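A structural walkthrough
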Amino acid sequence: MGVRTGLVSVTFRQLAVEEVVEVADQAGLAAIEWGGDIHVPLGDLQAARKARALCEDRGLAIAAYGSYLRAGSVDREEIRTAVTTAVELGAPRIRVWAGTVGTAEAGVGDRMAVTRGLAELADVAAGSGIEIAMEYHRNTLTDEVDSTITLLLDVGAPNLTTYWQPPVDLDDAECLEQLEALMPWLSTVHVFSWWPSNNRLPLSAREALWRPVLDRLAAEPREINALLEFVADDSVTQLTTDAADLHSWV
């Protein structure tokens, strides 16, 4: 199936939905993950339908609904609202967060709450044929590989998957080891070049990481999203350059 390129809409929180669609289309990207904070707020079905229609007009796919739901601290009503919003958006998956504390700080109660929360999210979403995908992120239980895999196995839902992104300050070899370990459950990679720490660079600055990552994704028999996120200086021009590089490597 190969790699599907796209854009995470929160990259350009300052732009209107129409402008985000325009930018993604002009950059030759194939899909958009719509954020639940500004562009498609939770429960705003009109905004969801609008984003979907604008994408359809340009032949852009919806990669995901990027929610800010924290597994373990959302009620069933919020879960239902997120699923309804994703359905109206035409999103095949909802991105969620694995709790509010990192693996090292988490107690048994934290892990149990997140595991139960993910199971409930997956269960409700499955009723609408939607996947739940965990953001791979620090200060959550998906801040490292073993904890992420434990969650996936403990929940055991066929519609629970994970994202991956390169953790800041991790070298290329360690990043590729993480990617390999998570591959059976991987649906999406967030693509950016931060180094060291939170310094945003042009994507080409980490070509030595991204080329082997994309080669590995392309070897899978299923489609995996590679979505650009957080470009240097929040610049549309930089996104266009990064997208061109991404396409040349894919």
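Here's what I pulled together on the structure shown here.

About the cut-offs
- Residues numbered from 1 in each chain as written.
- Predicted model: local features only at pLDDT ≥ 70, side-chain atom pairs only at ≥ 80, totals over all residues.
- Heavy atoms only, no water.
- Buried < 20%, exposed > 50% of the residue type's maximum accessible area, 1.4 Å probe, protein only.
- Helix = DSSP H or I, 4+ residues; strand = E, 2+ residues; numbered from the N terminus.
- Arc of directions from axis to C-beta.
- Contact = heavy atoms within 4.5 Å.
- Polar contact = N/O pair within 3.5 Å; in protein donor to acceptor, adjacent residues only side chain to side chain.
- Phe/Tyr/Trp six-rings, centres within 6.5 Å; stacked < 30°, edge-to-face > 60°.
- Lys NZ or Arg CZ within 6 Å of the ring centre and 35° of its normal.

Buried within helix α1 (residues 17–26) are the following residues: Val17, Val20, Val21, Val23 and Ala24. Viewed along the axis of α1, the buried residues span an arc of 165°, placing them on a single side of the element. The elements touched by buried residues of α1 are β1 (2–8), β2 (31–35), α2 (45–58) and α8 (236–249). Of the residues flanking the end of α1, it is glycine 28, one or two places downstream, whose phi is positive at about 75°.

This brings us to the environment of leucine 182. Position of leucine 182 relative to the elements: it lies in helix α6 (residues 172–182). Look at leucine 182 and you get buried, because its relative accessible area is 0%. For the pair leucine 182 and valine 145, spaced 37 residues apart in sequence, the C-alpha to C-alpha distance is 7.1 Å.

Turning our attention to the side chain of arginine 93. Of note, arginine 93 is situated in strand β4 (residues 93–97). Classification of arginine 93 by relative accessible area gives buried; the value is 10%. Within the structure, the side chain of arginine 93 is placed 2.6 Å from the side chain of glutamate 131, a separation counted as a polar contact. Excluding residues that lie within four positions of it along the chain, arginine 93 makes contacts with Ala63, Ala64, Tyr65, Ile130, Glu131, Ala133, Tyr163, Ser187, Thr188 and Asn225.

With that settled, consider the packing of aromatic side chains. We describe a pair of aromatic rings using the distance from one ring centre to the other and the angle between the two ring planes. One pass over the structure, following the stated rule, counts four aromatic pairs. Between phenylalanine 192 and tryptophan 194, the ring centres sit 5.1 Å apart and the planes meet at 45°, which makes this aromatic pair tilted. Phenylalanine 192 gets classed as buried once you look at its relative accessible area, which sits at 5%. Relative accessible area serves as the criterion here: at 13%, tryptophan 194 is assigned to the buried category. Each ring, one from tryptophan 194 and one from phenylalanine 230, has its centre 5.8 Å from the other, and the planes form 45°; the classification is tilted. Taken together, the positions of tryptophan 194 in strand β8 (residues 193–194) and phenylalanine 230 in the loop between β10 (223–228) and α8 put the pair 36 residues apart, joining distant regions of the chain. One aromatic cluster is present, built from ring pairs that chain together Phe192, Trp194 and Phe230. A cation over an aromatic ring shows up here: arginine 95 above the ring of tyrosine 68, its NZ or CZ 5.0 Å from the ring centre.

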